[in-house]
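Report on the structure
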Amino acid sequence: MIDIRGVQKSFKNTVVLRGVNLTVEEGETVALIGSSGSGKSTLLRCINLLETPDHGSITIGDYKFKAHDISRHTKKEVRKRTGMVFQNFGLFENKTALENVTEALIIVQKKKKAEAIEIGRYYLDKVGMINRADYYPIALSGGQKQRVAIARALALNPQIILFDEPTSALDPELVQEVLHVIKQASDEKMTMLIVTHEMDFAREVADKVAFMDEGVVLEAAPPEKLFFHPEHERTKQFIDRYMQRFSYSI
Amino acid sequence: MGKIFDVEFMIEIIPDILKGIPYTMTLAVISFIVGLFIGLIGALIKIYKVPVLRFITGVYVSFFRGTPLIVQILLFYYGIPILLRIINQRFGTSFDVSGVPAMVFMLVAFSVSSGAYLTESIRAAIISVDKGQLESAYSVGMNTTQAMIRIVLPQAVKVALPVFANFFIGLLKDTSLAFAASVTEIMGQAKIEAGRASRFFEAYIDAALIYWAICIIFEFLVVRMERNVRKNERGMEK
Ligand SMILES: Nc1ncnc2c1ncn2[C@@H]1O[C@H](COP(=O)(O)OP(=O)(O)O)[C@@H](O)[C@H]1O
Ligand SMILES: [Mg+2]
């Protein structure tokens, strides 16, 4: 379970997060939606401390930290418990697909190489990438890269995986293969927080959808409620805008 | 002795000039390796904006890139003995300057000078690696040292390899300036041979050919090495 309480973050003069509260229960998939610039990426990055929050506290499973008390040790503990999938894949360019998955198992989790490879191959297989195990990222399509990135996150067995628009950089025909893999992880009760613009996917897969607006989570509810009976006018506007765009694009 | 150009003499002295190769190679290789170390440290200081050290590194790089190598060599050649004398006076030690071979001074000079140039090259190479690589390394739990060693530096090396190769070839040729500090590297040997028979042109032709040959061999090695480093651009292992 992760619990985010009153998280605030500013960059110089711009306030980006104005006190975010959000809970993701264990085994839950939460979709985080909201317009561009509302602070979704910054929130994810504050959770795994790629950015340092200014205020608030975050609990990840059995580990809790406060914004004003973050040390190297905190980062280590937090990153042990979180995985992240980036919009631009972030595969290690100098490592093969398999090495991308095994690298942290060996270097961070100190597993034996043989064991790491076994785990690595298991997860590559899970995302349908076992036949590309020895390929370097440069030889993979965007969808394939993202599936390897997901395997890398899953293999570390974190308490939560954070996805930042995992399909936004993909050609349209490659989106489904990645969503399929994410859905599979969701079905297996991996705890996940997913920033996405794929509303259909959010509706189908998420247990809860959170709407972020101008640096706060305005409301969070099961998809049917949030999409069809939102509490806030802003949420309704956002969703209407999206549904409209969607119907045009057909 | 009436020949305009003495081919026999030119061939005859080749073995003597070749005796300079170990000095040339030692100077080039050791200075390059030490320079890489200094350069890596300098680059990291600049990238991580380490207070105070950052300023010192800036002055160091600026000075050694902004002064001619021959001037630096002479400064080290005359400066180190003076420095040692001052140290002896201050601390009552008794380092013997005359016992230190000129070669050692030159190793120090070339290393320090190389370090300044390589600081900038290495910094540029590290910065050229996508910032996302570091972030995804953090996201899987690596600390900065692990991320640098395992992910960022290997990619930076790939970028820097042609720069390093060019720099090394330049350095190899620049070591010829060490003759000014009476090191008997290729150029120093050539000068001695030339002086003995007053046949300068023949001796310097030999020197030129020897430098050229070494550089050709080295360039051949670089091509092979690059092919190795770039294996991941072919997309598959092996
Ligand atoms: N490193 C940064 N420095 C300054 N401003 C930033 C930085 N990162 C994000 N921002 C600003 O924070 C706001 C929210 O950005 P982001 O979290 O990326 O939004 P979203 O992911 O919802 O599109 C934007 O206005 C963006 O310009
Ligand atoms: Mg974003």
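Residues numbered from 1 in each chain as written. Chains lettered and ligands numbered in written order. Predicted model: local features only at pLDDT ≥ 70, side-chain atom pairs only at ≥ 80, totals over all residues. Heavy atoms only, no water.

1. A short note on the overall build of chain A
Stated formally: Think of it this way: any DSSP run of H or I at least four residues long counts as a helix, any run of E at least two long counts as a strand, and we number them from the N terminus. As a reference, a globule follows 2.2 Å times the number of residues to the power 0.38, and the radius of gyration itself is taken over C-alpha atoms. Buried residues are those whose accessible area, probed at 1.4 Å on protein chains only, stays under 20% of the maximum for their type, while exposed residues exceed 50% and partly exposed ones sit between those limits. Any two residues whose heavy atoms approach within 4.5 Å are treated as being in contact. Asp and Glu are treated as the negative residues and Lys and Arg as the positive ones, with His and the ends of the chain left uncounted. A charge is said to be at NZ when it belongs to Lys, at CZ for Arg, at CG for Asp and at CD for Glu.
Across its full length, chain A holds 9 helices and 10 strands. Its C-alpha radius of gyration of 18 Å places chain A within 12% of the 18 Å reference for a compact globule of 250 residues. Its C-alpha atoms give chain A principal-axis dimensions of roughly 55 × 50 × 30 Å. Split into buried and exposed, the 250 residues of chain A put 56% on the buried side. Counting contacts in chain A only where the partners sit at least 6 residues apart, residues at least 24 apart contribute 63% of the total. Each charge class in chain A can be summarised by its mean position, and for the 34 positive and 34 negative side chains these summaries are 6 Å apart.

2. Focus: the site of ligand 1
Residue and element names in this part refer to chain A. The condition is simple: Residues are counted as near a molecule or strand when any one of their heavy atoms sits within 4 Å of it. Residues adjacent in sequence count toward polar contacts only when both atoms are side-chain atoms; beyond that, a polar contact is any pair of N or O atoms within 3.5 Å, and within protein one must be able to donate a hydrogen and the other to accept it. The Shrake-Rupley method, run with a 1.4 Å probe sphere, supplies the accessible areas, and residue values consider only the shown protein chains as cover. Residues were grouped as follows: Ala, Val, Leu, Ile, Met, Phe, Trp, Tyr, Cys and Pro as nonpolar; Asp, Glu, Lys and Arg as charged; and all remaining residues, including Gly, as polar.
All residues in the neighbourhood of ligand 1 are listed as F11, V16, S35, S36, G37, S38, G39, K40, S41 and T42. For ligand 1, an oxygen atom lies 3.0 Å from a polar atom in the backbone of G39. Here ligand 1 has 560 Å² of accessible area as a free molecule, and 58% of this is covered by the chains. Counting residues per element, the shell around ligand 1 draws most heavily on helix α1 (residues 40-47), which supplies 3 residues. Within the shell around ligand 1, the residues separate by chemical class into 2 nonpolar, 7 polar and 1 charged.

3. Points about the nonpolar core
The cut-off we apply is this: Throughout, nonpolar core names a set of buried Ala, Val, Leu, Ile, Met, Phe, Trp, Tyr and Cys residues whose side chains join them through atoms within 4.5 Å.
In terms of nonpolar packing, the biggest core is built from 133 residues, with I4, I47, I182 and L193 of chain A together with M106 of chain B touching the most fellow members. Residues I33, M199, A206 and L226 of chain A belong to the second largest nonpolar core, which totals 13 residues.

4. Focus on the interface of chain B and chain A
Convention followed: Throughout, buried area stands for the accessible area (probe radius 1.4 Å) lost by two parts on being put together, summed over both. In what follows, salt bridge is the name for a side-chain nitrogen of Lys or Arg lying within 4 Å of a carboxyl oxygen of Asp or Glu.
With 20 residues of chain B at the contact, the number on the chain A side is 27 residues. Both sides of the chain B and chain A interface together cover about 2100 Å² of buried area, and 57% of this is carbon and sulfur. On the surface where chain B and chain A come into contact, there are 2 salt bridges. Of the charged contacts, one joins E135 of chain B and R45 of chain A as a salt bridge, the two residues approaching to 2.8 Å between their closest N and O atoms. At the surface where chain B touches chain A, the tally comes to 7 residue pairs in polar contact (both at pLDDT 80 or more). If you list the elements that add at least two residues to the side of chain B that touches chain A, you get α7 (131-139) and α8 (144-174) of chain B. Among the elements that take part in the side of chain B that touches chain A, α7 of chain B stands out by supplying 6 residues, more than any other. Here the residues of the side of chain B that touches chain A are counted per class, giving 7 nonpolar, 8 polar and 5 charged.

5. Overview of the pattern of salt bridges
Enumeration over the complete set of coordinates arrives at 23 salt bridges over all chains. Between E77 of chain A and K80 of chain A there is a salt bridge; the shortest N-O distance is 3.5 Å. On the criterion of helical spacing, the pair formed by E77 of chain A and K80 of chain A is a turn pair, its members being 3 residues apart in helix α2 (residues 72-81). Exposure remark for E77 of chain A: the relative accessible area of 10% places this residue in the buried category. Here R199 of chain B ties to E202 of chain B by a salt bridge, and the two come within 3.0 Å at their closest N and O atoms.

6. As for helix α5 (residues 142-155) of chain A
Residue and element names in this part refer to chain A. Definition in use: The span you would expect from a helix comes to 1.5 Å times its residue count less one.
The terminal C-alpha atoms of α5 lie 20 Å apart, and with 14 residues this matches the ideal 20 Å at 1.5 Å per residue to within 8%. Where burial is concerned, most of α5 is hidden: 14 out of the 14 residues are buried. The positive-phi residue at the C-terminal boundary of α5 is N157, with phi of around 50°.

7. Describing unusual backbone geometry
Even without glycine at this site, L49 of chain A takes up a positive phi of about 65°. The class for L49 of chain A is buried, based on a relative accessible area of 2%. Even without being a glycine, V52 of chain B presents a positive backbone phi close to 65°. Position of V52 of chain B relative to the elements: it lies in the loop between α3 (21-47) and α4 (53-65).

8. As for the sheet that holds strand β7 (residues 160-164) of chain A
Remark on secondary structure: sheet strands pair via backbone hydrogen bonds, oriented parallel or antiparallel. Residue and element names in this part refer to chain A. Using the following cut-off: Whether two strands pair comes down to DSSP finding at least two bridges between them. Orientation is described by lines fitted to C-alpha atoms, with helices fitted over the stretch in contact, and by angles between N-to-C directions that extend from 0 to 180 degrees.
With mixed pairing, 6 strands are arranged side by side in an open sheet as β6-β7-β8-β3-β9-β10. Each edge of the open sheet carries a strand with a single partner, namely β6 (82-85) and β10 (216-221). Strand-to-strand, the axes of this sheet are offset by a mean angle of 20°, without reference to chain direction. Here 4 bridges tie β6 to β7, and the two strands are oriented parallel to one another. When the bridges of β7 are listed, V85 appears paired with F163. Packed onto the sheet, helix α6 (residues 172-187) meets β3 (29-33), β7 and β8 (192-195) and runs at close to 150° relative to β8.

9. Focus: the environment of F37 of chain B
All names here are of chain B. Here F37 is to be found in helix α3. Given a relative accessible area of 57%, F37 falls into the exposed group. When the C-alpha atoms of F37 and A208 are compared, they prove to be 30 Å apart, with 171 residues separating the residues in sequence.

10. Here's the deal with the packing of α3 of chain B against α4 of chain B
All names here are of chain B. To be explicit about the condition: Any angle from 65 to 115 degrees is called roughly perpendicular, while one under 35 is roughly parallel, one over 145 is roughly antiparallel, and all others are oblique. Left-handed describes a crossing whose near helix is turned anticlockwise from the far helix through less than a right angle; right-handed describes the clockwise counterpart.
α4 packs onto α3 with a crossing angle of 125° between their chain directions and a minimal axis gap of 9 Å. If you check the angle between α3 and α4, you find them oblique. Relative to α4, the crossing made by α3 is left-handed. Counted together, I38, G42, I45 and K46 of α3 and L53, R54, T57, G58 and Y60 of α4 form the full contact between these two elements. A class-by-class count of the residues in the contact of α3 with α4 yields 4 nonpolar, 3 polar and 2 charged.

11. Structural notes on the domain arrangement of chain B
All names here are of chain B. As a reminder, the rule being used: Boundaries of every domain are those given by an automatic assignment or by a domain database.
When cut into domains, chain B gives domain 1 (1-20 + 187-231) and domain 2 (21-183). The straight-line distance from the C-alpha centre of domain 1 to that of domain 2 is 27 Å. Between domain 1 and domain 2, the contact holds 18 residues from the first and 16 residues from the second. When the two sides are added together, the surface that domain 1 and domain 2 hide from each other amounts to roughly 1600 Å², 79% of it contributed by carbon and sulfur. It is G20, Y211 and F218 in domain 1 that bury the most area against domain 2; as a group they hold 30% of the surface buried on that side. Put simply, domain 1 and domain 2 have 4 residue pairs in polar contact (both at pLDDT 80 or more) between them.

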